[in-house]
Amino acid sequence: MKNLIYLALHQDGFCREAIASIRSFYHVVEGVDEEYRIVIYTNRSRCFEDFLSSGSYGAVQVRSLSEQTVRDWFGAANYVYRAKILSLITFMEAEGDSAIFVDSDTFFLSDPSSLFQKLAPGRALLNYEEHRLHD
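Definitions and cut-offs
- Residues numbered from 1 in each chain as written.
- Predicted model: local features only at pLDDT ≥ 70, side-chain atom pairs only at ≥ 80, totals over all residues.
- Heavy atoms only, no water.
- Pairing = 2+ DSSP bridges.
- Helix = DSSP H or I, 4+ residues; strand = E, 2+ residues; numbered from the N terminus.
- Contact = heavy atoms within 4.5 Å.
- Axes fitted to C-alpha atoms, helices over the stretch in contact; angles between N-to-C directions.
- Buried < 20%, exposed > 50% of the residue type's maximum accessible area, 1.4 Å probe, protein only.
- pLDDT = per-residue confidence, 0-100.

Undergrad: Which parts of the structure should I look at to understand the sheet that holds strand β3 (residues 60–64)?
TA: The strands making up a sheet are joined through hydrogen bonds of the backbone, oriented either antiparallel or parallel. Ordered by their spatial adjacency, four strands build an open sheet running β3-β2-β1-β4, and the pairing between neighbours is parallel. Of all strands in the sheet, those with a lone pairing partner are β3 and β4 (100–101), marking the two edges. Bridge analysis of strand β1 (residues 2–8) against β4 gives two bridges, and the strand direction is parallel. Counted as the bridge partner of I5 is F101 from β4. In the packing of helix α5 (residues 80–95) onto the sheet, the strands contacted are β1, β2 (36–42), β3 and β4, and the crossing angle to β1 comes to about 140 degrees.

Undergrad: Hey, could you run me through unusual backbone geometry in this one?
TA: Note: most residues except glycine have negative phi, and most peptide bonds are trans. The residue H10 is not glycine, and still its phi comes out positive at about 75 degrees. Take H10: it is sitting in the loop between β1 and α1 (12–28). Among the residues examined, H10 registers a relative accessible area of 41% and is labelled partly exposed. One non-glycine residue, N78, adopts positive backbone phi at about 55 degrees. Within the secondary structure, N78 is located in the loop between α4 (67–74) and α5.

Undergrad: I tried to follow the confidence of the model for the protein on my own but got confused; where do I start?
TA: Low pLDDT means the predicted atomic positions in that stretch should not be read closely. Residues of the protein with pLDDT of at least 70 account for 91%, and the chain-wide mean is 89. For the protein, helix α2 (residues 32–35) is the element with the lowest average pLDDT, namely 85, and β3 is the one with the highest, namely 96.

Below, the structure is given as C-alpha cells:
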C-alpha cells in the first residue's frame, strides 16, 4: 500500500487546499483506490464531509485530532514542522507502513509512484533542501 499523509489544521483554507491537492492526485493517477491510502490528520473534520460524501474518493481517510493533540504536536514553540513530523510518526507507528507527507498546497502534475520506490528503512526524501543542518 502506498500512503500519502496530509495535515490540515486550524483553518478551512488548509482543508480546501488539501482537497484540491487530492483531486489533482486523482486526476493524474490511475487505480488510486486500489494502490493508495490517503490519510488526512485534522482538527477540522467537518471541512471534509461534503468532499467525502460524494463517494468518489475511496482511498481518503480522515483522522480527527483533538485540540490537545494539536497543541502537543505543535509544542511549546508552536512549531508547525514538529506537527508535520509527528503526523508521519503517528501514522507509521499505528500502521507500520512507510508514507510520504504531502503539504496541503501540493498540486500534482504527474504520477508520484516512482517516489515510493526510493523509500526504504532509514531513508527519507525531501522535495528540496531549505537549509543545511549546521545553519
